[in-house]
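Analysis of the macromolecular model
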Amino acid sequence: SLTQYCIIWGGFFGVVLLVEAYIKTWPRELLLALKIALSALVLLNAVTVLLFPSGIWTVVQDEGWRLSYEGYWLFGHRNNFGTPILAALLVCSVSDIVFYGRIRKSTVAIAIVSLYSVVVTWSATSLVTTVLALILLFGISLFGGFKAIRPGYLLGAYVFVDVGIVFFDIQNRFAVLIKDVLHRSADLTGRSQLWDIVKAKIWESPIYGHGIRPIADNGLTAFNSNYVHAHNGELDIVYNSGFLGLACYIVLLLLAVTKCGKNWDCAAVQLAFFFLILMMIHAITGLFFSSYTCLALWLCLNAETLKKFSSGVR
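This section reports on the structure supplied with the text. On a predicted model such as this, the values are computed, not experimentally measured, just so you know. Note that residues are indexed from 1 along each chain, following the sequence as it is written. Side-chain atom pairs in this predicted model are given and counted only at pLDDT of 80 or more, local residue features only at pLDDT of at least 70, and totals for whole chains, interfaces and linings cover all residues. For side-chain calculations, the full set of non-hydrogen atoms in the structure is used, while hydrogens and water are omitted.

Within the protein chain, the regular secondary structure consists of twelve helices and three strands. Once the C-alpha set of the protein chain is aligned to its principal axes, its extents read approximately 60 × 45 × 40 Å. The rule is simple: take the accessible area with a 1.4 Å probe, protein chains only, and divide by the maximum for that residue type; under 20% is buried, over 50% is exposed, in between is partly exposed. With 314 residues in all, the protein chain has 51% of them scored as buried. Contact between two residues is taken to exist if any of their heavy atoms lie within 4.5 Å; hydrogens are not considered. In the protein chain, once contacts between residues fewer than 6 apart in sequence are set aside, the share between residues at least 24 apart is 71%. Comment: elements are numbered from the N terminus, with helices defined as DSSP H or I runs of at least four residues and strands as E runs of at least two.

The next point concerns the packing of helix 9 (residues 233-262) against helix 11 (residues 291-301). At their nearest, the axes of helix 9 and helix 11 sit 8 Å apart, and the two run at 45° to each other. Classified by the interaxial angle, the pair formed by helix 9 and helix 11 is oblique. Packed against helix 9, whose contacting residues are Leu 252, Leu 253, Leu 255, Ala 256, Lys 259 and Cys 260, the element helix 11 presents Leu 297, Trp 298, Cys 300 and Leu 301 at the interface. Split into classes, the residues belonging to the contact of helix 9 with helix 11 amount to nine nonpolar, no polar and one charged. Convention adopted: a line fitted to C-alpha atoms gives each axis, helices being fitted over their contacting stretch, and angles between N-to-C directions are expressed from 0 to 180 degrees. Oblique is the label for every angle not falling under 35 degrees (roughly parallel), over 145 degrees (roughly antiparallel), or within 65 to 115 degrees (roughly perpendicular). Throughout, the ten residues Ala, Val, Leu, Ile, Met, Phe, Trp, Tyr, Cys and Pro are labelled nonpolar, Asp, Glu, Lys and Arg are labelled charged, and all others, Gly among them, are labelled polar.

Our focus in this paragraph is the packing of aromatic side chains. Each aromatic pair joins two rings of Phe, Tyr and Trp (for Trp, the six-membered one) with centres within 6.5 Å, and gets the label stacked for planes under 30 degrees apart, edge-to-face for over 60, and tilted for any other angle. Scanning all chains against the criterion turns up 14 aromatic pairs. Both rings, one in Trp 9 and one in Phe 13, keep their centres 6.4 Å apart while their planes meet at 45°; by these two values the pair is tilted. Taken together, the residues span about one helical turn, with Trp 9 and Phe 13 both in helix 1 (residues 2-22) at a distance of four residues. Given the relative accessible area of 22%, Trp 9 is considered partly exposed. Residue class for Phe 13 comes out partly exposed when judged on its relative accessible area of 43%.

The phi torsion at Trp 122 lies on the positive side, around 55°, for a residue other than glycine. Relative to the elements of secondary structure, Trp 122 occurs in the loop between helix 4 (105-121) and helix 5 (124-143). A positive phi angle, near 55°, is found at His 231, a position not held by glycine. Tracing the backbone through its elements, the reader meets His 231 in the loop between helix 8 (191-202) and helix 9.

The next subject is the side chain of Asp 236. One can find Asp 236 in helix 9. Despite its burial, Asp 236 pairs with no opposite charge; the closest candidate is Arg 191, at 11 Å N-O. For Asp 236, the residues in contact, after removing those within four places along its chain, are His 229, Ala 230 and Leu 287. All tallies of charge rest on Lys and Arg as positive and Asp and Glu as negative; His and the ends of each chain are not included. The salt bridge definition used is simple: a Lys or Arg side-chain nitrogen within 4 Å of an Asp or Glu carboxyl oxygen.

Bringing the nonpolar core into the picture now. Counting 87 residues, the largest nonpolar core has Phe 273, Phe 275, Leu 276 and Met 280 as its most contacted members. Setting aside its immediate chain neighbours within four residues, Met 280 contacts Leu 155, Tyr 158, Tyr 249, Leu 253 and Phe 288. Definition used in this section: a nonpolar core is a set of buried Ala, Val, Leu, Ile, Met, Phe, Trp, Tyr and Cys residues joined via side-chain atoms within 4.5 Å.

With that out of the way, let us pick up helix 11. Among the eleven residues in helix 11, nine count as buried, and that is most of the element. Of all the residues in helix 11, the buried ones are Thr 293, Cys 294, Leu 295, Ala 296, Leu 297, Trp 298, Leu 299, Cys 300 and Leu 301. Contacts made by the buried residues of helix 11 are with helix 1, helix 2 (27-51), helix 3 (82-100), helix 9, helix 10 (267-282) and helix 12 (303-310).

Within the element layout of this structure, Trp 203 appears in the loop between helix 8 and helix 9. Taking relative accessible area as the criterion, Trp 203 reaches 60% and is therefore assigned exposed. Through-space distance from the C-alpha of Trp 203 to that of Gly 242 is 9.1 Å; in sequence the pair is 39 residues apart. Among the polar contacts listed, one links the side chain of Trp 203 to the backbone oxygen of Lys 199, at a separation of 3.4 Å. Think of a polar contact as two N or O atoms within 3.5 Å of one another; within protein, one of them needs to be a possible hydrogen donor and the other a possible acceptor, and neighboring residues in sequence only count if both atoms come from side chains.

As for its position among the elements, Val 238 is in helix 9. Those residues in contact with Val 238, other than ones at most four positions away along the chain, are Ile 202, Gly 209, Phe 243 and Leu 246.

In this analysis, the protein atoms alone were mapped onto a 1 Å grid. Cavities are point sets where a 1.4 Å probe fits without being able to get out; pockets are open sets with protein on both sides within 12 Å along at least five of seven lines; lining residues have an atom within 4 Å of a point. Grid points are joined across faces, edges and corners, and a volume is the space filled by probe spheres set on the points. The computed volume of the second largest pocket comes to approximately 860 Å³. Lining the second largest pocket we find 34 residues, and of these Ile 8, Trp 9, Ile 212, Asp 236 and Asn 240 sit closest to its centre. Residue assignment for the lining of the second largest pocket shows that the elements contributing at least two residues are helix 1, helix 9 and helix 11. Considering every element that reaches the lining of the second largest pocket, the biggest residue donor is helix 9, with ten residues. For the lining of the second largest pocket, the class distribution of residues is 23 nonpolar, nine polar and two charged.

This next bit is on the side chain of Asp 162. Along the chain, Asp 162 turns up in helix 6 (residues 151-168). Here Asp 162 is buried and forms no salt bridge, its nearest opposite-charge partner Lys 199 lying at an N-O distance of 10 Å. At a separation of 3.1 Å, a polar atom in the side chain of Asp 162 contacts the side chain of Asn 232. Not counting residues up to four positions away in its chain, the partners in contact with Asp 162 are Asn 232, Glu 234 and Ile 284.

Turning our attention to the packing of helix 4 against helix 5. Orientation of helix 4 relative to helix 5, taken along the N-to-C sense of each, is 160°, at an axis distance of 9 Å. The orientation of helix 4 relative to helix 5 falls into the category roughly antiparallel. Where helix 4 crosses over helix 5, the handedness of that crossing is left-handed. Residues Thr 107, Ala 111, Ser 114, Leu 115, Val 118 and Val 119 of helix 4 form the contact with helix 5, whose own contacting residues are Ser 126, Leu 127, Thr 130, Val 131, Leu 134 and Leu 137. Its residues placed into classes, the contact of helix 4 with helix 5 shows eight nonpolar, four polar and no charged. Crossing handedness is read from the near helix: turned anticlockwise from the far helix by less than a right angle, it gives a left-handed crossing, and turned clockwise, a right-handed one.

Take a look at the structure:
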């Protein structure tokens, strides 16, 4: 579906071109504009959560054996809160480090508001990644960086966790935590069953994938109307674009690791890569590609520019 492709990927290309056009010549203006825009969205979303705790509107989902009611806010479903929140905290913290050398109070305020919105709506994935982001910001403020934790180690750890969850169900070892603390099922709310379907259907077109298709005819909603995508970043890439698409994705990640590794003594570069990994963690049960993750990825690919301006070179 070319229409679906342009609607979805057009926004991604727009973000990539925006960063490419301005990051080297106007980094202060770009980061400040992104900070204002994304912070405003996070604040407005939190206001909708405050005014409408059950959602601005609700959708009834018939699961066959029960009816459930899902709320929707400015950012949509609660599971969608994580990536825009991470993107906002990313640009706020990177802007602070690059131009002020420290995390500022405005970023702390955005972090507190973000935590409020995910706690009230209680999306396990968004809550976990937001808390990890707050720990990261606290660590950067306290220690000035994490030079010993190299980007290659982080990517390797992510691959281990992602493969372990999707293929070996290692989350079952933490079933008590998932059920009693996060109030979610050990099968990750039915995602294990969906992943089995996706893994089987990948082999129908392993090289090129199934393409970008309308949601109603994506090959998955025939099994369940909630299966609008693979609900795992890497599986979704392979399902849509085959192993050729996965190869392109891996090349981008390796480029990010290489560029960030060469400039790893810069705290802003560390922040960019750490937040990219957090978005990938969020995508273990969701989607990797979005305007927000493209932003994080392209900041990593411009690591030398972040270091240049952090070093005071104008």
